[in-house]
Amino acid sequence: MNMRIALLLLPYLFQFGMGASLQIHFESLGKPEIVKEPPKETDVFTVIEAANKDSKMVRIEGDIAVNIGRSAMKCDQDSCRWKKNTSGKVNVPYTISPDFSADEVDVITTAMQDFATLTCVQFIPRSSEPDFVQIISDSGCWSYVGRIGGRQDLSLAKTDCMRRGTIQHELNHALGFFHEQSRSDRDNYIDVITENIMPGFYENFNKYDTNNLGLEYDYGSVMHYGRSAFSLRPGQADTIVPKPNKTVTIGQRYGLSNLDISKINKLYQCDVCSTLLPDSTGSLISTNYPSNYPNNAKCYWLIRTPSDKVFLQFSAFDVQRSADCTSDYFKVYDGANTSSPVLLDRACGAGQVPSLVSSASMMLLEFVSDRQTTATGFKATYSTVNCGSTLTSSSGVFSSPNYPLNYKIFSECTWVILAPVGFKVSLTMTDFNVERQRTCSYDYVLVFDGPKPTSPQKGKYCGQVNVPPIESSGNSLLVQFHSDGSVVAKGFLANYAFIPL
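Right, let's walk through the structure included here. Fair warning: this is a prediction, and the values are worked out from it, not measured in the lab.

## A look at the overall build of the protein chain
Argument step 1. Regarding its fold elements, the protein chain presents four helices and 28 strands.
Argument step 2. Looking at the 501 residues of the protein chain, the share that counts as buried comes to 52%.

Below is the structure:
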């Protein structure tokens, strides 16, 4: 090739020790979680504003329902908080209208489960509780703020509001939170450009005397307006400008932010250990690492990347060993909550933990310790890949993206093939056609003898060749596919199977 083409990819509530050998248990994957998101990068409130355009419901700030007879801007003492039970949980009963389809109910309840995973708040189906949230499909997306007593409606229009971020925005209103840019100290963080606001909508930008819970302002809150909220010229004339850095992103569409979670936990005095990791790359460690982790711990890390799949790698792992990992253990789910399919079912001991690839943009990590701790814990990093998966079935087939048609440029794919202990992996490329180059520097397939990109390399392949059969020395192989920004080809088709060591 004579030339390569380089491309640049571009709320608050108002008022108010050394271990033994590694032991891992795997569970077969079920149906991957389907995460429904809007087709473009639109912040939550822009979606809500458009959905509520023709609604006749009396509201303030765009989507906050007004409770006639009580100030919508005041919550005396604990009168509008949901009550905590003796087990430390805050149960919010709900009903869902039969107007919603089974798939729509699944989207709503999946969005609810993030609260249960990351806070002490859990939305529970109503039995006979007098105070409850009734989820309906009315005109637009809106909610009352906090617990108002008795039945309180929360609207999620079937046509516009069936998105995780939008649903969590309205549920957060029901927990007692208003919009982020309404807080008392907002002038330190944003400027409101009144001349760009549509006439008659100025009151949506009022500032109030709020209890900010001692937590910092959150530009990335799911409760924050977008830049063009109620703008005369959406996308051209901003109504909110962050300061001092005008380029800071405000608002988002994915769901609760880390600070949103912290606010819920502080308001409701939740004793939970949870962390949200919302970036494309990041790292995580167990508490106190590299010293021993604490006793009686139960912690969650939710990796929620903006797009693509999560690729998790461990650089250190030392968790106290027990029979079948029943005491201390580490567990990984292929999705956002503990009802998602399991990728890694209880790992303990010390040694090499396999890398893992999720089926979508979210992965949940769970760590549990008992009353006697003698280990240092773990350290891990994550990034994203366009395609790939974690393969744990006894045999299977996988291929380059788009096969048998040409793969796409800038593909980054990773497959981790994990056999049970006592087995090895046999891999056969039944069809192989990848852009040829003498050193395989442009497009290529890499195979590693182990579960990590740092494992010994079995081979690097490109061109239209017959790749010899490959067998692992242990119970795992890792396969990576890379394409650059120009020439593409048919790609590959591969079969794998587990055979006894």
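From this point, the discussion proceeds with the structure in view.
## Side note on the sheet that holds strand S20 (residues 387-391)
Two pairing modes exist for strands in a sheet, parallel and antiparallel, and in both the strands are linked by backbone hydrogen bonds.
Argument step 1. Spatial ordering of the open sheet is given by S20-S22-S27-S24-S25, a layout of five strands whose pairing is mixed. On the outer flanks of this sheet lie S20 and strand S25 (457-461), each paired with one strand and no other. Taken pair by pair, the neighbouring strands of this sheet meet at an average axis angle of 10 degrees, ignoring direction.
Argument step 2. Pairing geometry for S20 and strand S22 (residues 412-418), over five bridges, is parallel. Opposite Cys387, over in S22, you have Cys413 as the bridge partner.

## A few points about the nonpolar core
Argument step 1. If you look at the biggest cluster of nonpolar residues, it comprises 66 residues, and the most contacted ones within it are Leu312, Phe398 and Leu427.
Argument step 2. It is strand S14 (residues 309-319) that contributes the most residues to this core, six residues altogether.
Argument step 3. Sequence-distant contacts of Leu427, defined by excluding residues within four places in its chain, comprise Phe398, Ile417, Val447, Pro469, Ile470, Leu477, Val479, Ala494, Asn495 and Tyr496.
Argument step 4. Counting residues in each nonpolar core, the second largest holds 60 residues, with Ile48, Val107, Ile135 and Leu171 among its members.

## Observations concerning helix H2 (residues 102-118)
Argument step 1. Under the 1.5 Å per step criterion, the end-to-end length of H2 is 25 Å for 17 residues, consistent within 8% with the ideal 24 Å.
Argument step 2. Buried within H2 we find Glu104, Val107, Ile108, Thr109, Thr110, Ala111, Met112, Asp114, Phe115, Thr117 and Leu118.

## Things to note about the state of the cysteines
Argument step 1. Within the structure shown, the criterion is met by six disulfides.
Argument step 2. Covalent S-S linkage joins Cys387 and Cys413, the inter-sulfur distance amounting to 1.7 Å. Here Cys413 lies in strand S22 and Cys387 lies in strand S20, a separation of 26 residues in the sequence.
Argument step 3. By relative accessible area, which is 15% here, Cys387 ends up buried.

## Here's the deal with the environment of Val66
Argument step 1. In this structure, Val66 sits in the loop between strand S3 (64-65) and strand S4 (90-96).
Argument step 2. Given a relative accessible area of 22%, Val66 falls into the partly exposed group.
Argument step 3. Sequence separation between Val66 and Ser143 is 77 residues, and the spatial gap between their C-alpha atoms is 8.8 Å.

## What to know about helix H3 (residues 164-175)
Argument step 1. Here H3 spans 16 Å end to end across 12 residues, near enough to the 16 Å set by a 1.5 Å rise per residue.
Argument step 2. Counting buried residues along H3, 12 of its 12 residues qualify, which places the element largely inside the surrounding structure.
Argument step 3. Buried within H3 we find Arg164, Gly165, Thr166, Ile167, Gln168, His169, Glu170, Leu171, Asn172, His173, Ala174 and Leu175.

## Structural notes on the pattern of salt bridges
Argument step 1. Enumeration according to the criterion identifies 15 salt bridges in this entry.
Argument step 2. In this structure, the salt-bridge partner of Arg147 is Asp131, at a minimum N-O distance of 3.1 Å. With a gap of 16 residues between them, Arg147 in the loop between strand S7 (141-143) and strand S8 (151-156) and Asp131 in the loop between strand S5 (121-125) and strand S6 (132-136) connect regions that are remote in the sequence.
Argument step 3. Here Arg147 falls in the buried class, since its relative accessible area comes to 13%.
Argument step 4. Through salt bridges that share partners, Glu180, Arg183, Asp185, Asp260 and Lys263 make up one connected network.

## Structural notes on the environment of Ile167
Argument step 1. Within the secondary structure layout, Ile167 lies in helix H3.
Argument step 2. On the accessibility criterion, Ile167 (0% relative accessible area) is buried.
Argument step 3. Linking Ile167 and Trp142, residues 25 residues apart in sequence, is a C-alpha distance of 9.6 Å.

What counts, and where the lines are drawn
Residues numbered from 1 in each chain as written. Predicted model: local features only at pLDDT ≥ 70, side-chain atom pairs only at ≥ 80, totals over all residues. Heavy atoms only, no water. Helix = DSSP H or I, 4+ residues; strand = E, 2+ residues; numbered from the N terminus. Buried < 20%, exposed > 50% of the residue type's maximum accessible area, 1.4 Å probe, protein only. Pairing = 2+ DSSP bridges. Axes fitted to C-alpha atoms, helices over the stretch in contact; angles between N-to-C directions. Core = buried A, V, L, I, M, F, W, Y, C linked by side-chain atoms within 4.5 Å. Contact = heavy atoms within 4.5 Å. Expected span 1.5 Å × (residues − 1). Disulfide = S-S within 2.5 Å. Salt bridge = Lys/Arg side-chain N within 4 Å of Asp/Glu carboxyl O.

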